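For reference, the chains in residue letters:
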There are 2 protein chains.
Amino acid sequence: MPPRSKKPKMTEAIAKNEKCINTIRALAADTVRKANSGHPGAPMGCAPMAHLLWSEVMNYNPANPKWSNRDRFVLSNGHACALQYIMLHLTGYDSVSMDDLKAFRQLNSATPGHPENFHTAGIEVSTGPLGQGISNAVGLAIAETHLAAKFNKDGLDIVDHHTFVICGDGCLQEGVASESCSLAGHLQLGKLIVLYDDNDITIDGSTELSFSEDVGKRFQAYGWHVQSVDNGDSADLSKLQAAIAKAKTSSSPSLIKVKTRIGFGSQMEGTAKVHGSPLAPEDIVQLKQKFGMDPEKFFDVPEDVYAHFHERKDQGVLLEKEWNALFDKYKAAYPELASDFERLQKGELPAGWEDTLPKFTPESKGEGTRKYSGACLGPLVDKIPELLGGSADLTPSNNTRVKGNEINYSAADRGGRYVRYGVREHGMAAICNGLAAHGGIIPYCATFLVFTGYCLGSVRLSALSKLRVIYVMTHDSIGLGEDGPTHQPVETLATVRAIPNMNVIRPADGNETAGAYMSALPRQDGPTILAFSRQTCPNLPGTSAEKVLKGAYILSDEPSAKVILTGSGSEVALCVKAAEALKAAGIAARVVSFPSFNLFEDQDSAYRASVFPKGVPVLSVEASVAQGWHKYSHGQVCMKSYGKSGPGGEVFKHFGFNVDNVVEKAKKLIDFYPNGAPDLSAPF
Amino acid sequence: MPPRSKKPKMTEAIAKNEKCINTIRALAADTVRKANSGHPGAPMGCAPMAHLLWSEVMNYNPANPKWSNRDRFVLSNGHACALQYIMLHLTGYDSVSMDDLKAFRQLNSATPGHPENFHTAGIEVSTGPLGQGISNAVGLAIAETHLAAKFNKDGLDIVDHHTFVICGDGCLQEGVASESCSLAGHLQLGKLIVLYDDNDITIDGSTELSFSEDVGKRFQAYGWHVQSVDNGDSADLSKLQAAIAKAKTSSSPSLIKVKTRIGFGSQMEGTAKVHGSPLAPEDIVQLKQKFGMDPEKFFDVPEDVYAHFHERKDQGVLLEKEWNALFDKYKAAYPELASDFERLQKGELPAGWEDTLPKFTPESKGEGTRKYSGACLGPLVDKIPELLGGSADLTPSNNTRVKGNEINYSAADRGGRYVRYGVREHGMAAICNGLAAHGGIIPYCATFLVFTGYCLGSVRLSALSKLRVIYVMTHDSIGLGEDGPTHQPVETLATVRAIPNMNVIRPADGNETAGAYMSALPRQDGPTILAFSRQTCPNLPGTSAEKVLKGAYILSDEPSAKVILTGSGSEVALCVKAAEALKAAGIAARVVSFPSFNLFEDQDSAYRASVFPKGVPVLSVEASVAQGWHKYSHGQVCMKSYGKSGPGGEVFKHFGFNVDNVVEKAKKLIDFYPNGAPDLSAPF
Ligand SMILES: [Ca+2]
Ligand SMILES: [Ca+2]
């Protein structure tokens, strides 16, 4: 270990810092040790920057973690969450008591192994999967600028906060962070300030093993303001303070490289060994002795340390009070805007929004459902000002830019309502999580359905984190045709249907597309994936927006139907045609349109049994793998391989998505069950 | 449109270049027009660089697209594949005739909408999903250096080729490319040369909309050698030629920014309009006139243009002949190495490799299956020199670095057999696709199972492209415990099981882990995902490696079993215990270990019926969502939500993965079907 540089002159302020910082470090060691699980290294290394942020830099109110104008803090290296819980506790958030720290990583505790926004008040976004937090922060920062542009008036800046991030090497190696940070530079998000815990260590060991790039130069290339602070372990915080002050004046997003030693104070400081396991008891003893603390005491917070942070709690109450006074003035001057702002804070939609949705009849022109989606988005964007759209460079294909949001959100125009995300699917999804987590915005974003595979890490977190993000995923199947199997999803519906708390809808026509938005928009506690087609979907008799909310419904029927044909999207029209052909052959068939598994599963058993009565064989028809359909159907017309390049209609036929094949399979199914089909319902 | 710069002096060479280049451009316009679908812009813009590469730069043999020492070419902007097909045709590959060009993007043609390595000889990797190709190329370049280090001897460089890439803006915006290129710089892959078609246009319009970063500076930050060529549209190729020559001498990977105009020659050149739709017929007329070609002729290749490229075909034969002579010398001097080299080219494993796998008994110490995996990898790495391991910075958790591959692959040691991928899951998977596509290497790579969501774009392409990549995915369920729901996969098994041509195995104990490798390693035409646990899996009586290859098998049985308990991984031991408890309660139960859906589906119906006989209710027990299980089981003990942070054993119990609950559910199921359970087999 190289010799430690001489301690700075111990002014009173520095001495106080040191006491607070070492208390945080010792608490981190105790918290992880007690749990016998977790990551002490990063909390101990990041204690000085955390102390500075919570003591002097950030505006927040522990008494109201949801105060709209708080600075947003994101711990992108979420494994360091002991640090975040400690700061929440010290500054007096009700959500984290000392007992909660002692229950770190225990079942049902307030202090899970990675920060969970939906579980612990004061946590803005769920982090841990690396690169996500810093990307969420880009969304938080976009949200701030956009809402400021929309609401702020001269002298009445009701939206005016910063977004602070702590991140480690891991986050900066992740592609999702590269995408988001490139866009953040392009958009010149000056109020985004990232403290990079530059400690030369990752799980595998030294960053020299895999990460020798010049991170600062890379961020400069993105258009960021980059600074370095060489004494990140020190209790003399003046350099870090100055860097943050400078960052605040920059019109670019800021990266501050803060040189630290992971696990500062441990006998293993500066090594990967201190990353992911508790310190040995004797290491904690020597650490506390080195820090001048009593090694016999655990979870010890000196009174003056509590007193220091509780001042910030009192100050937080004052900050919100001041803001409330400002908002009262604002309300008096701009009552309509103020009431809209209040509505946004509650996440409520404007009254009557559903009425703007277009209605379709069988005479309406048949289009791909992506075009019906565009037709829905037009009036929705008009009526719901909090919709902020965008696409990962597929705008003309996704039909997501409509009259009403044609102006791009940009550094020059923060009021623009369309984000050009570039070819950055993962970054886009992570940014949308940040936009939704901020509040005041309902983000929708778009790419091809197959490229869900590029952003699944963030899509999963939308669902886990209960965020209202609307994914407009077009080109939903082999029906897209010529682009071929690299672009044709065959498994993606199964992928997204498997995600807990994900609403997945694949509408069959115009009315069902309107219904898909009716389901997605009011859903405050989770995301929705809308799967739209490139291929034409005629408008079918009997569809309606409202019925989509049931998940599945009888579209057409015959007395004593011998078979039920069901499917989603463009295959519903095929089922209708096949049912007609069966009728012509003297076989009565029911057609069930099935746009959403999860919505159907929310229905009561009586309704479900009315749609799929016992004994009637069910043939599902979907240009997707069968996985998931066995729960509902006795036979499947499905994809068993990847698709092929060719005109969409020919590809459909090639893989058996044609009337003849569906009729043949329906007949086979009827013959296979002379005594009625088996009951697929289960006891639990 | 700005005025075109003056034409360079028309030397004979330049005139010839121009004729070739314009022929390529016109062919691209005709090909896309005839298909009435596709992307003319990039092929027309990239025609000069393609002409130079195929005419003067690259070593290849159209008569043998699989010649091992060929330069590898990757079209990372795969939508430009008309260009690649045209070059294959002009240089005389059998795989692409003129008729094939005329059948571009038609069903079952040799010329699908994006390049497919498994479909068209001469295509190295399947591209189109942006960022993948350039990342595959990093793998191709690693493979070359590694095989060179292994096999080359003084004066006998049997492995000595370059990897060339053409890519566009889209590829460079993708995070997967950022990850791979950062690693490529770190690894100093000097024989990787990327031509960046820098045309300021993406689908959405100008790159100014979303992509204003300094790409060159970013790549310098990664450690790349960066050059610019300002006249990428010119037939005077001297600048590009010089840049490539210089790139070849650099010990760093090279990026050459080539300024071009998309759709060069079209009336819409330089705009996004020319990206993804055929040119209008009248536009093609004016283009051919401008180029001095007959506008009445379509798919026209002047004789001297053919003659020019066919010289390269002849030269290719000579190149391989020379190499064969070299290899003969090599064989004489190093017969064993030579025979190993030949074995690798065939993709065959060394004889007797299976015998090295460890065997376990119920007395063997119980461990997480990740540890059994480590115990298998030890002898496998010893026996199979072509195994090249790695992890995305989770080496100590993935148990992937073992005796035999402890030396890191690095710029300093190309013979090292362990790649430190850094926290770059998507890049890692894409690089492994390149390693596998190169030949001579079997890559395995590792992360946590849940982070499949970070790399699914590349994982899908492993399967589509039929590449032998082995994914070692540990921490397979809520059983990982304290890290909590951000790290606990609950849907990921369903995600990967839905992927066509993906082999997915979740073994129950040591012997099944050995069986998982027995299935994965010989699989030449596709990838395998191995899901391993952190939680302890005791070694069970009755398991064997060979039985894993059946996908599912009877682990324990009772005469006239009233119920079948089945599951995978750590839940098999739970099934065994529950069966014992049922027996104690007088209820006979069979236990079926079910490590792999896809392997079971490969078995004949008699075998399948012997495992799951008609009428006996099946209860599946897996700490994963039920999706997919309804095909085999009548009831499911499964996850219906995300997991929770807490000690793994407690989390398991909390979600019902305990003997009491399994016994209770089994009894319920038996009671629910007094007359036998319904038959789940279907007529098709
Ligand atoms: Ca680090
Ligand atoms: Ca471009």
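Our subject is the structure that appears above.
Residues numbered from 1 in each chain as written. Chains lettered and ligands numbered in written order. Predicted model: local features only at pLDDT ≥ 70, side-chain atom pairs only at ≥ 80, totals over all residues. Heavy atoms only, no water.

Residues and elements named next belong to chain A. Bridge count between strand 3 (residues 192–198) and strand 7 (residues 254–259): six bridges; the pairing is parallel. Across the sheet, residue Asp197 finds its bridge partner in strand 7, namely Val258. Here strand 6 (residues 225–229) runs beside strand 7; their pairing, made up of five bridges, is parallel. Counted as the bridge partner of Ser228 is Lys257 from strand 7. This β-α-β element, strand 6 to helix 9 (residues 238–249) to strand 7, shows right-handed connectivity. (Pairing = 2+ DSSP bridges. Helix = DSSP H or I, 4+ residues; strand = E, 2+ residues; numbered from the N terminus. Right-handed = clockwise from strand over helix to strand, strands pointing away.)

Moving on to empty space enclosed by the protein. All names here are of chain B. Across all of its chains, the model carries 16 cavities of 30 Å³ or more by this definition. By volume, the largest cavity is sized at about 140 Å³. If you trace the largest cavity, you find 13 residues lining it, with Asp71, Phe73, Tyr93, Gly122 and Glu124 closest to the centre. Only strand 1 (72–75) and helix 3 (81–90) provide two or more residues apiece to the lining of the largest cavity. (1 Å grid on protein atoms, 1.4 Å probe; cavity = no way out; pocket = protein on both sides within 12 Å on 5 of 7 lines; lining within 4 Å. Points joined across faces, edges and corners; volume = space filled by probe spheres on them.)

Relative to chain B, chain A is turned by 180 degrees and slid 0.0 Å along the rotation axis, the superposed coordinates differing by an RMSD of 0.0 Å. Given the turn and translation reported, the copies of this chain are related as if by a two-fold rotation axis. Residue Gly175 of chain A, judged by its C-alpha, is the member of chain A lying nearest the rotation axis, at 1.8 Å. Of the interface residues in chain A, 100% have counterparts in chain B that sit at the interface too, so the contact is made through matching surfaces. (Least-squares fit on C-alpha atoms with pLDDT ≥ 70 in both. Contact = heavy atoms within 4.5 Å.)

Residue and element names in this part refer to chain A. Only Asp169 (OD), Asn199 (OD1) and Ile201 (O) from the protein coordinate the calcium ion (ligand 1), and they sit 2.2 to 2.3 Å from it. Spacing between the donor residues of the calcium ion (ligand 1) along the chain follows D-x29-N-x1-I. Here Asp169, found in helix 6 (residues 169–173), pairs with Asn199, found in the loop between strand 3 and strand 4 (201–202); they are 30 residues apart in sequence, far enough to count as distant. As far as the burial class goes, Asp169 and Asn199 line up, both buried. (Donors = N, O, S within 2.8 Å, 3.2 Å for Na, K, Ca; no water. Buried < 20%, exposed > 50% of the residue type's maximum accessible area, 1.4 Å probe, protein only.)

Let us now look at the sheet that holds strand 7 (residues 254–259) of chain B. Residue and element names in this part refer to chain B. With parallel pairing, the five strands of this open sheet are ordered in space as 1-2-3-7-6. The outermost strands of the open sheet, each flanked by one partner alone, are strand 1 and strand 6 (225–229). Sheet twist, expressed as the average angle between the axes of neighbouring strands with direction ignored, equals 15 degrees. On the sheet, helix 9 (residues 238–249) packs against strand 2 (163–167), strand 3 (192–198), strand 6 and strand 7 and is oriented at approximately 175 degrees with respect to strand 6. (Axes fitted to C-alpha atoms, helices over the stretch in contact; angles between N-to-C directions.)

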